[in-house]
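# Structural description and commentary
Below, each chain spelled out in residue letters.
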Amino acid sequence: MPITAPDYSWYFTDGTSFACGRDMTGTLSAVRVGELALSTGQVVACDPFVYLGSGDVEPFTVAVEPGRYAVDAAVATLVRPGAEPESRPHTRVAAVRLVIRDVEVAGWELALLPGQDPAELGEEEYFGYGVDAGTGCFYDASAENAFPGTQEEEGAVWAAMESVGHGPDVFMAQGEDGHNLAGFTSGWGDGSYPTWIGRAADGSVACFLTDFFVVPHESESESESETETGAGAGAETEVQAP
């Protein structure tokens, strides 16, 4: 069956710890990225430095009511037990969620683009967006052309990213005509990452969440253990990018 979503609620619980690989541990904290304006309610997720303004990305098939919604990042601080403390903490963005309703999530489903069918996915496969510049984002579909210059390495998105100090690499960029964008570094960097839709018990959309695979899923942890004992590696994943 396709990849399944873990319990993401604890990703955004400050102080939650996890094992990361064979020699690192991580501690999670929730960081408010900002408030995203959705003037149409059609959500786009992509690498802004590669796809924003290109015309090559589409919004997810599930839309929400127009409005302004909080964006939170689950930031992992990683350490090697016994190592000397670093002058700058080693942090990675583990996941980011666009909060539509601040309620408990009862179930998860993959966020899809037009033409994508989960029935076509095989074992541990998923649909996701491609990252080639180490960064992801959320924005409203109507903001596609509100950030001129992004493809030329200039403009509001580049300025916002470059203004990030020594904290977690998350930022808000202000575009033209009241549009904005929530940006964030993508876990370990380039790759392909799934976005999930969390639904409340009544079926309404609670959030959109992109997982950057910093926190190992249970199946990945099991595969690592099997590899160490010579039993083999985990399954590959299929990803479809814009």
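Quick notes on the rules
- Residues numbered from 1 in each chain as written.
- Predicted model: local features only at pLDDT ≥ 70, side-chain atom pairs only at ≥ 80, totals over all residues.
- Heavy atoms only, no water.
- Pairing = 2+ DSSP bridges.
- Helix = DSSP H or I, 4+ residues; strand = E, 2+ residues; numbered from the N terminus.
- Axes fitted to C-alpha atoms, helices over the stretch in contact; angles between N-to-C directions.
- Phe/Tyr/Trp six-rings, centres within 6.5 Å; stacked < 30°, edge-to-face > 60°.
- Buried < 20%, exposed > 50% of the residue type's maximum accessible area, 1.4 Å probe, protein only.
- Lys NZ or Arg CZ within 6 Å of the ring centre and 35° of its normal.

For the rest of this paragraph, the subject is the sheet that holds strand β3 (residues 43-46). Pairing within the open sheet is antiparallel, and its four strands lie in the order β3-β8-β10-β9. The sheet is open, and its two edges are formed by β3 and β9 (170-174), each paired on a single side. Taken pair by pair, the neighbouring strands of this sheet meet at an average axis angle of 20 degrees, ignoring direction. Where β3 meets strand β8 (residues 135-140), four bridges bridge the pair, whose relative direction is antiparallel. Bridging from a neighbouring strand, Cys 46 pairs with Cys 137 of β8.

Right, let's talk about the packing of aromatic side chains for a bit. The final tally for this structure, using the stated rule, is 10 aromatic pairs. Geometrically, the ring pair formed by Tyr 8 and Tyr 11 is edge-to-face, given 4.9 Å between the ring centres and 75 degrees between the ring planes. For the residue pair Tyr 8 and Tyr 11, the accessibility class agrees, reading buried in each case. Here Phe 60 and Phe 208 contribute two aromatic rings whose centre-to-centre distance is 6.0 Å and whose plane-to-plane angle is 15 degrees, an arrangement assigned as stacked. Highlighted residues: Phe 60 in the loop between α1 (48-51) and β4 (67-79) and Phe 208 in strand β13 (residues 205-211), separated in sequence by 148 residues. When its relative accessible area of 9% is taken as the criterion, Phe 60 is described as buried. Overall, the relative accessible area of 0% leaves Phe 208 in the buried class. Taken together, Tyr 126, Phe 138, Phe 184, Tyr 193, Phe 212 and Phe 213 form an aromatic cluster joined through their ring pairs. The ring of Phe 12 carries Arg 97 above its face, with NZ or CZ at 4.0 Å from the centroid.

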